[in-house]
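# Commentary on secondary and tertiary structure
Single-letter residue listing:
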Amino acid sequence: MGSGHVVRDTTAEGMMVGVFDIYAEKILVSGNRIENTLFGLRMAKRSYADAVVNNEVWGSGEAIVVSGVGDYIAGNTVTQSNRSIVIQGHYSVYTGNVLGYNNVGIVGHELLPTNRVSGNDIVDNERAAIVSGYNILHIYRRNYWSKAPGVRTTIDGTLLRSYRPTGSVDSLVGRVPHSRVLAYSPALTFIRELQRIVPGLRASGIVDPAPQARPEQPAVVDRVTERYEEAEVGTDEDPWDFDY
C-alpha cells in the first residue's frame, strides 16, 4: 500500500486480512467494517504516522495489530475476537477505543514504554490484558476496565485504587471466585504500597494508576453489549469465519 492513501467505508468478511499495510506512511484507515478475518487491520513494522480510526472489527483472530511508529489508533470498536488490540510499535496513541467481549482486550508486545494508551473502554473481556515475557512496566492512564476492583472514586471520576490487569491478583478478578476479596487483602495492599515507594520492586506488565470508574463511551458500550447478548456465536459453518 502506497503512502498517503485512504481506505474508507469498506467491508471485508471471511478473509485472511481485512486491511494490510507494510511500508506505507501517513495513510488513513477509517469507517471500515471487518468481520471474521484472521487479521482485521494490520499495520506492519515499517509503517509510519498512520491513522486507524472509527473502524469496527468483529469475530477476528487478531483484530487490530499496530507495529509501526507514530500511529494514531482511535475510536475503533472490537468485539468477539480472540485478541482485540496488539500493541507492538513505538510512540503511538491509542484512545477512545471500545474493546468488548473478546478473549483478550489488550496484548502488550512492545518492550519500550513509549505508547500512550488512555481513554479506552475495556469491557468484559475474558482477560483484560496480557503481555509478552520480556515486557517491562507500561503505564496506561485513565482507561475504563470493567473488571477493575474499586468503588470509591475521586472528584475526577477515577478509582482510588490502581489496576494491574496483568498482575497476579488483579488479572483474576472477574474470572476466579473470591479474587476480588483477595485484591483488598492487607498483605497485597502493603506490597502494592511498597512497590509504589520503591520502584525497583515493581513487577513488569501493565498498570493503570487512575482507572476510570465509568465508560468513556457509554452509548457504544451499550451497543456492543446488546450485540453480544443477541449474537449466536458458532452458527456459521464457513471455515473462514473466525468466531471466538
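Here is a short report on the structure shown in this document. (Residues numbered from 1 in each chain as written. Predicted model: local features only at pLDDT ≥ 70, side-chain atom pairs only at ≥ 80, totals over all residues. Heavy atoms only, no water.)

Right, let's get into a negative patch on the surface. A cluster of acidic residues, D222, E226, E229 and E230, forms a negative patch on the protein surface. Among the secondary structure elements, E226 is positioned in helix α3 (residues 218-230). Residue classification places E226 among the partly exposed residues on the basis of a relative accessible area of 45%. (Patch = residues over 30% accessible without salt bridge, like charges linked within 9 Å, V, L, I, M, F, W, Y side chains within 5 Å. Areas by Shrake-Rupley, 256 points an atom, 1.4 Å probe, with all protein chains shown as cover. Salt bridge = Lys/Arg side-chain N within 4 Å of Asp/Glu carboxyl O. Lys, Arg positive; Asp, Glu negative; His and termini not counted. Charge placed at Lys NZ, Arg CZ, Asp CG, Glu CD. Helix = DSSP H or I, 4+ residues; strand = E, 2+ residues; numbered from the N terminus. Buried < 20%, exposed > 50% of the residue type's maximum accessible area, 1.4 Å probe, protein only.)

Let us look at the packing of aromatic side chains. Scanning the model with the defined rule gives two aromatic pairs in all. Judged by centre distance (4.2 Å) and plane angle (15 degrees), the rings of Y101 and Y228 are stacked. A residue pair is termed long-range when its members are at least 10 positions apart, and Y101 in the loop between β14 (98-100) and β15 (104-108) and Y228 in helix α3 qualify at 127 residues. Judged by centre distance (5.4 Å) and plane angle (55 degrees), the rings of W145 and Y163 are tilted. Here the residue W145 occupies a position in strand β20 (residues 144-145), and Y163 occupies one in the loop between β20 and α1 (179-183), the gap between them amounting to 18 residues. Residue W145 is classed as buried on the basis of its relative accessible area, which comes to 2%. Residue class for Y163 comes out buried when judged on its relative accessible area of 1%. Over the ring of F39 we find R42; its NZ or CZ atom is 4.6 Å from the centre of that ring. (Phe/Tyr/Trp six-rings, centres within 6.5 Å; stacked < 30°, edge-to-face > 60°. Lys NZ or Arg CZ within 6 Å of the ring centre and 35° of its normal.)

Checked against the element boundaries, T114 lands in the loop between β15 and β16 (116-118). In contact with T114, not counting residues within four places along its chain, are G89, H90, Y91 and S92. (Contact = heavy atoms within 4.5 Å.)

Attention shifts here to the environment of V107. Within the secondary structure, V107 sits in strand β15. Between the C-alpha atom of V107 and that of S84, which follows or precedes it by 23 residues, the distance is 7.7 Å. Apart from residues lying up to four places away in sequence, V107 is in contact with R83, I85, V86, I87 and I130.

Right, let's talk about empty space enclosed by the protein for a bit. For the coordinates displayed, the defined rule picks out four cavities of 30 Å³ or more. Computed from the structure, the largest cavity encloses a volume of approximately 70 Å³. Lining of the largest cavity is provided by R33, E56, V57, W58, T77, T79, R223, V224 and R227. Where the lining of the largest cavity is concerned, the elements lending two or more residues are β8 (56-58), β11 (77-79) and α3. Within the lining of the largest cavity, the residues separate by chemical class into three nonpolar, two polar and four charged. (1 Å grid on protein atoms, 1.4 Å probe; cavity = no way out; pocket = protein on both sides within 12 Å on 5 of 7 lines; lining within 4 Å. Points joined across faces, edges and corners; volume = space filled by probe spheres on them. Nonpolar A, V, L, I, M, F, W, Y, C, P; charged D, E, K, R; others polar.)

Moving on: the pairing of strand β9 (residues 62-66). Most of β9 sits out of view: five of its five residues are buried. With four bridges joining them, strand β6 (residues 39-43) and β9 adopt parallel strand pairing. Each residue of the ladder has a partner; that of L41, found in β9, is I64. Examined bridge by bridge, β9 and strand β12 (residues 83-87) share four bridges and lie parallel to one another. Across the sheet, the residue bridging to V66 is I87, located in β12. (Pairing = 2+ DSSP bridges.)

With that settled, the discussion passes to the sheet that holds β14. One open sheet holds the seven strands; their spatial order is β2-β5-β8-β11-β14-β17-β20, and the pairing between them is parallel. Edge positions in the sheet fall to β2 (11-13) and β20, since each of these pairs with one other strand and no more. Bridge count for β11 against β14 is three bridges, and the pairing is parallel. Across the sheet, V78 pairs through a bridge with L99, a residue of β14.

It is worth spelling out the pattern of salt bridges at this point. This model, assessed by the stated rule, comprises six salt bridges. Among the ionic pairs, R223 bridges to E56, the shortest N-O distance being 3.3 Å. Of this pair, R223 sits in helix α3 while E56 sits in strand β8; the two residues are 167 residues apart in sequence, bridging distant segments of the chain. You can call R223 partly exposed: its relative accessible area is 40%. One connected set of salt bridges, linked through shared partners, spans R33, E35, E56, R223 and R227.

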